[in-house]
Amino acid sequence: MRRRSMAVLAAVPLMFAAACGSGGDAATSTTGATGATGASGSASSGGVSELQVTGAAGAKPTVAFPSKVVETSSFKVLTPGTSGETPKTGASVVANFTVFTWDGKENKLAGSTYDEGGPQVITLNEQVPEILRKGFAETKGGGRFMSVVAKDALPKEQQAQAPPGQSQVFVVDVVGVPAEKVAKGDATDPGLKGVKVENPGGEAAPKLTTKTKEKAPKELVVKTVIKGTGPKVTSGQSILVQYAGKIWGSDVEFDSSWSRGAQPIMFQIGTGKVIKGWDQGLVGVPVGSRVLLSIPPDLGYGKAGSGEKIKGTDTLVFLVDVVAAY
C-alpha cells in the first residue's frame, strides 16, 4: 500500500536489533527521582551516566557526548511516563527512536524516526537487545529512556567483529502500548458485489476473497465491516494496522500483515506516505474498525503498477483493521 519505500520503519534501531539478537547479560539500570536536568536517577553508573540528553520527551532529542567512549551496555529511565502499562516481553510497542554512533569524535546521528514521519511499532522479542527490552520494561507511554548498546549486547560469536572504540546510543520515547492487534466487534457484510469477507472473530485472521467476474468499481469504495468505537483517524496521524491486499478478479494476494505473523504495521496517513486510496479511504475511520477498500489504479500505483504482481490496470482490494492511531 506504500507509495514509496518506507525502508526506515525505524531502520537504524531495527537493523541494529537484528544484528544484536538477544545479546549478552551485561546491563546497568539507573532509575530514581527526577533531577534538575530532567534525567531520572541520582548518581548513575555505566555509559549513560556520561551522557547528557536535552529536549522534552515527544520531540527529537540532542545528546552531549564525552570524548571517552564507554563500551559497556547500560540504560537509564529519563522520564517514566504515565500512560497505560509498561510493555511486556513479546508485546508490540509504539515508540520514537533517535540513534547515535558514539565514537568520541563525530558521534554522528545514525537515524531518527522524528525525521521519518512519525513513530514506529516493534515487537519486544529476542531480536531486540536485552538492554533495550529492560528500558522498555520500566517506561510507560509518554516516557523516555536512554540506552548505551555496546558490543557486549552482541552474541559472543559476533563481539570480535564489532568495530572497536564505539557504541550505539538510543534515546527512546515510548508513545504507547497497543491494547489490541486486530479489530473486534460485530461484523457485517460490506455489500460489495464480487468481494467476500469472512470474519471468524477473536484474533483469527479474516478471509478476503476477490475471485469474481464482476466489473471492478471505477471509483474508490470504502465499506465498514466492523465499526470501531475509538476516535476518528485524522490526517497526519500515525496509524497501526493489520491488512490483506488482493487484486480484483484474480484473488491474487500481493501483500498481507496477517501472512507475516499477524504483526501490525505503522505508517503516517493523509500525507502522501502511502497510496492515495489509503490516504483518502482511512482518514475519518474510527479506531477499532475493519474496513474494506476497493481502489482503482489511479488511486493505487498508477499505470506503472508495482512489482511483478500488480499491473497498471489492476484494481486493488484491501481489508484493513485500524488498531490504533497516534
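Only a predicted model underlies this, so the values are computations on that prediction, with no experimental measurement involved.

A look at the overall build of the protein
Phase 1: In terms of helices and strands, the protein carries four helices and 17 strands.
Phase 2: For the protein, the proportion of its 326 residues judged to be buried stands at 48%.

A word on the nonpolar core
Phase 1: Judged by nonpolar contacts, the single largest core of 24 residues is most densely connected at Trp278, Leu282, Phe318 and Val320.
Phase 2: Listed by contribution, the elements that provide at least two residues to this core are strand S13 (238-247), strand S15 (265-268), helix H4 (276-282), strand S16 (290-295) and strand S17 (316-325).
Phase 3: One finds Val93, Phe97, Ile131 and Phe136 within the second-largest nonpolar core, a separate group that totals 18 residues.

Quick notes on unusual backbone geometry
Phase 1: The backbone phi angle of Asp251 is positive, close to 65°, even though this residue is not glycine.
Phase 2: Examined against the element boundaries, Asp251 turns out to sit in the loop between S13 and strand S14 (253-256).
Phase 3: Phi at Ala262 is positive, roughly 55°, even though this residue is not glycine.
Phase 4: Tracing the backbone shows Ala262 in the loop between S14 and S15.

Observations concerning the side chain of Ser147
Phase 1: By the secondary structure assignment, Ser147 is in strand S8 (residues 144-149).
Phase 2: In this structure Ser147 comes out as buried when scored by relative accessible area, which is 0%.
Phase 3: Separated by 3.0 Å, the side chain of Ser147 and the backbone oxygen of Ser74 make a polar contact.
Phase 4: Those residues within four positions of Ser147 in sequence are excluded, and the remaining contacts are Val48, Ser74, Phe75, Ile131, Leu132, Gln168, Val169 and Phe170.

Thoughts on the packing of aromatic side chains
Phase 1: In total, this model carries nine aromatic pairs according to the counting rule given.
Phase 2: For the pair Tyr243 and Phe318, a centre-to-centre distance of 6.4 Å together with 50° between the ring planes defines the contact as tilted. Note that Tyr243 is positioned in strand S13 and Phe318 in strand S17, a separation of 75 residues in sequence. For the residue pair Tyr243 and Phe318, the accessibility class agrees, reading buried in each case.
Phase 3: Taken together, Tyr243, Phe254, Phe267, Trp278 and Phe318 form an aromatic cluster joined through their ring pairs.

Considerations on the confidence of the model for the protein
Phase 1: When pLDDT is averaged across the protein, the result is 86; 86% of the residues are at 70 or more.
Phase 2: Every residue in residues 3-44 is under pLDDT 50, and counting partners more than four places away or in other chains gives 100 contacts.

Describing the environment of Thr82
Phase 1: Within the secondary structure layout, Thr82 lies in the loop between strand S4 (74-79) and strand S5 (92-102).
Phase 2: Residue classification places Thr82 among the exposed residues on the basis of a relative accessible area of 75%.
Phase 3: Spatially, the C-alpha atoms of Thr82 and Thr139 are 8.5 Å apart, while their sequence positions differ by 57 residues.
Phase 4: Ignoring sequence-local partners within four residues, the contact set of Thr82 consists of Lys140 and Gly141.

What to know about the pattern of salt bridges
Phase 1: Applying the stated criterion across every chain, the model contains 11 salt bridges.
Phase 2: Among the salt bridges present, the one from Lys60 reaches Asp115, with a minimum N-O distance of 2.8 Å. Taken together, the residues span a long stretch of sequence, with Lys60 in the loop between strand S2 (52-54) and strand S3 (62-64) and Asp115 in the loop between strand S6 (109-112) and strand S7 (120-123) at a distance of 55 residues.
Phase 3: On the basis of relative accessible area, Asp115 is assigned to the partly exposed category, the value being 45%.
Phase 4: Among the charged side chains, a salt-bridge network with shared partners connects Glu180, Lys184 and Glu203.

Cut-offs and rules
Residues numbered from 1 in each chain as written. Predicted model: local features only at pLDDT ≥ 70, side-chain atom pairs only at ≥ 80, totals over all residues. Heavy atoms only, no water. Helix = DSSP H or I, 4+ residues; strand = E, 2+ residues; numbered from the N terminus. Buried < 20%, exposed > 50% of the residue type's maximum accessible area, 1.4 Å probe, protein only. Core = buried A, V, L, I, M, F, W, Y, C linked by side-chain atoms within 4.5 Å. Polar contact = N/O pair within 3.5 Å; in protein donor to acceptor, adjacent residues only side chain to side chain. Contact = heavy atoms within 4.5 Å. Phe/Tyr/Trp six-rings, centres within 6.5 Å; stacked < 30°, edge-to-face > 60°. pLDDT = per-residue confidence, 0-100. Salt bridge = Lys/Arg side-chain N within 4 Å of Asp/Glu carboxyl O.

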